[in-house]
Amino acid sequence: VRMHLIHKFERKERCGYQYVEGDIKWDGRATIVYPGICCLAGFFAGMFGIGGGIVKGPLMLAMGVHPAVSSASSACMILFTSFTATTSFVVFGLLIPDYASVCFTVGFIATFFGQIGLGYMMRRAKRNSYIVFSIGGVVLLSAILMTIQSLLGMAEGEHHSSGGICGHDD
């Protein structure tokens, strides 16, 4: 795949291809660095239990991907991660239906009004930077809340450990 991307990049360079905003130039460096960073992002997302979209959204922005594409791709990744986690909770009987229905309703309504508000602000200001700021805000808020939760857990003396291979503590 790497060689195919590099050959395609070289052909585009030879014929003077004009890249549009958000196109990724898959040169020799990019075909090593970006997949490597994505692997690390996936590893840490799995280790800390956060969606890959939270990590890869800012990465795509750093790669030069258009903010709207980065936001949509991140949302899609988060959707699949959330669906998988919810399915696991249902299968293991850990989902409280009343709590789940309230969270779903609040999330749906907040997303609806957030989309309307952000769309209005972007049309009014004719800027995509609001998408970048919203992604950054979500990542920052997630980091702050995870830190607070961890500190409160440590202050209360909670001890989290993984079980053995069969789920029993050793």
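Our subject in this report is the structure included herewith. As the structure is a computational prediction, the values presented were derived from the model and not from experiment.

Cut-offs and rules
- Residues numbered from 1 in each chain as written.
- Predicted model: local features only at pLDDT ≥ 70, side-chain atom pairs only at ≥ 80, totals over all residues.
- Heavy atoms only, no water.
- Helix = DSSP H or I, 4+ residues; strand = E, 2+ residues; numbered from the N terminus.
- Buried < 20%, exposed > 50% of the residue type's maximum accessible area, 1.4 Å probe, protein only.
- Axes fitted to C-alpha atoms, helices over the stretch in contact; angles between N-to-C directions.
- Left-handed = near helix turned anticlockwise from the far one by under 90°.
- Contact = heavy atoms within 4.5 Å.
- Nonpolar A, V, L, I, M, F, W, Y, C, P; charged D, E, K, R; others polar.
- Parallel < 35°, antiparallel > 145°, perpendicular 65-115°, else oblique.
- Core = buried A, V, L, I, M, F, W, Y, C linked by side-chain atoms within 4.5 Å.

**So, the environment of Cys 38**
Here comes step 1: Take Cys 38: it is sitting in helix α2 (residues 30-48).
Here comes step 2: For Cys 38, a relative accessible area of 24% corresponds to the partly exposed category.
Here comes step 3: When the C-alpha positions of Cys 38 and Gly 136 are compared, they lie 18 Å apart, and in sequence the two are 98 residues distant.

**Points about the packing of helix α3 (residues 52-62) against helix α6 (residues 129-155)**
Here comes step 1: Two elements in contact, α3 and α6, have axes whose closest approach is 10 Å; the angle formed by their N-to-C orientations is 145°. Where α3 crosses over α6, the two elements pack in a sense that is left-handed. Residues Ile 54, Gly 57, Pro 58 and Leu 61 of α3 form the contact with α6, whose own contacting residues are Val 132, Ile 135, Val 138 and Val 139.
Here comes step 2: The residue inventory of the contact of α3 with α6, partitioned by class, reads seven nonpolar, one polar and no charged.

**Structural notes on the environment of Ile 131**
Here comes step 1: Assignment of secondary structure puts Ile 131 in helix α6.
Here comes step 2: In this structure, the C-alpha to C-alpha distance between Ile 131 and Gly 119, residues twelve residues apart in sequence, is 9.5 Å.
Here comes step 3: Leaving out residues up to four positions away in the same chain, Ile 131 has contacts with Pro 67, Ala 68, Ser 71, Leu 118 and Met 122.

**Quick word on the packing of α3 against helix α4 (residues 67-91)**
Here comes step 1: One way to put it is that α3 packs onto α4 with a least axis distance of 8 Å and a crossing angle of 165°. As the angle between them shows, α3 and α4 are arranged roughly antiparallel. The way α3 lies across α4 gives a crossing that is right-handed. From α3, Gly 52, Gly 53, Ile 54, Lys 56, Gly 57, Met 60 and Leu 61 reach across to α4, where they touch Pro 67, Ser 70, Ser 73, Ser 74, Met 77, Ile 78 and Thr 81.

**Thoughts on the nonpolar core**
Here comes step 1: One finds Ala 30, Tyr 34, Leu 59, Met 60, Met 63 and Val 65 forming the largest nonpolar core, which totals six residues.
Here comes step 2: Elements represented by at least two residues in this core include exactly α2 and α3.
Here comes step 3: Other than its neighbours up to four places away in sequence, Met 60 contacts Val 65, Ser 70, Ser 73, Ser 74 and Met 77.

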